[in-house]
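# Examination of the molecular architecture
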Amino acid sequence: SGLQEGALEELGSVVSGANVFILFDTSNYMYKGRGFVFAQDAIADFVRSLDNLNRVAFYSYSRNFYRAASLTSDRSQVLRGVRGTVNGDDSALYNALLMTLKDAAQYSGRKVAVVFSNGPDNSSMVAPEDVDELAQSEGIPIYMISTREARLDPATSAVFERMSASTGGEAYYAKSWRDERKAFASIREDLGHLYFLSYYPQPNPNRGWRAISVKLTGQKSKKYRIRTRSGYRPIPAHVTVDAAAPLQ
């Protein structure tokens, strides 16, 4: 399936501005050495570096989910939220990410979720598959940044990689605070090079997952690297979606 299902309707140019939802792990996984402080610094630098047209929300989680700064263009409000994060206990990552995605779904335009998580989930009530399905349905790329702690857990790293790949994001594993900053810099670069494409698929009885394949053609395209969502889930017809909003 994919773009070959129907004609390409339009190719959007780079659109300035996106709604960026940052989710920060404050569970006890973060309190090893000075990992918590380094992560705060990396997130703060990322927030400062974003284009002024981007709006940012900042959330944190351990067992509970905390909205430290609602979606805003005020960087100082977001930075206060980052610096105000405090120690938690167990990790309910998937609960928190589901709530983050539900908040993001309320807004039109481009949306991305940026998650800093240092370890596996040990207290969520929802499954990662539920989180992944919502992100796919709403078209929200998920970027996962973690340290070696999560990489040491094969099940967690597999979920992070699958979730980011299926939504058009990417998973990063930072061995040091320098790697954390590089990961955030890579995400910032992505935000400046996003394209919005839409098309009308041919009639298809499949109401579940539909794969998408996007390819560049021509000799000149060989010097470029493209990363896209691997597919999508159709939204029921009775749900209104402002698909053109990112191009306005």
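Described in the following lines is the structure provided in the data block.

Rules used in this analysis
- Residues numbered from 1 in each chain as written.
- Predicted model: local features only at pLDDT ≥ 70, side-chain atom pairs only at ≥ 80, totals over all residues.
- Heavy atoms only, no water.
- Salt bridge = Lys/Arg side-chain N within 4 Å of Asp/Glu carboxyl O.
- Helix = DSSP H or I, 4+ residues; strand = E, 2+ residues; numbered from the N terminus.
- Pairing = 2+ DSSP bridges.
- Axes fitted to C-alpha atoms, helices over the stretch in contact; angles between N-to-C directions.
- Buried < 20%, exposed > 50% of the residue type's maximum accessible area, 1.4 Å probe, protein only.
- Arc of directions from axis to C-beta.

If you walk through the whole model with that rule in mind, you get six salt bridges. Of the charged contacts in the structure, one is a salt bridge between Arg 48 and Asp 45, with a shortest N-O distance of 2.8 Å. Residue Arg 48 and its partner Asp 45 are located together in helix H1 (residues 35-49), separated by three residues, close to a single helical turn. Arg 67 is the salt-bridge partner of Asp 103, the closest N and O atoms lying 2.7 Å from each other.

Take the sheet that holds strand E7 (residues 171-174) next. In spatial order, the strands read E4-E3-E2-E5-E6-E7; together these six strands make up an open sheet with mixed pairing. Among the strands making up the open sheet, the edge pair consists of strand E4 (65-72) and E7. With strand direction ignored, the average angle separating the axes of adjacent strands in the sheet is 15°. Where strand E6 (residues 142-147) meets E7, four bridges bridge the pair, whose relative direction is parallel. What sits directly across from Ile 145, in E7, is Tyr 172.

As a further point, take helix H2 (residues 75-83). Among all positions in H2, only Arg 75, Val 78, Leu 79, Gly 81 and Val 82 are buried. Across the axial projection of H2, the buried residues extend over an arc of 155°, all falling on one side.

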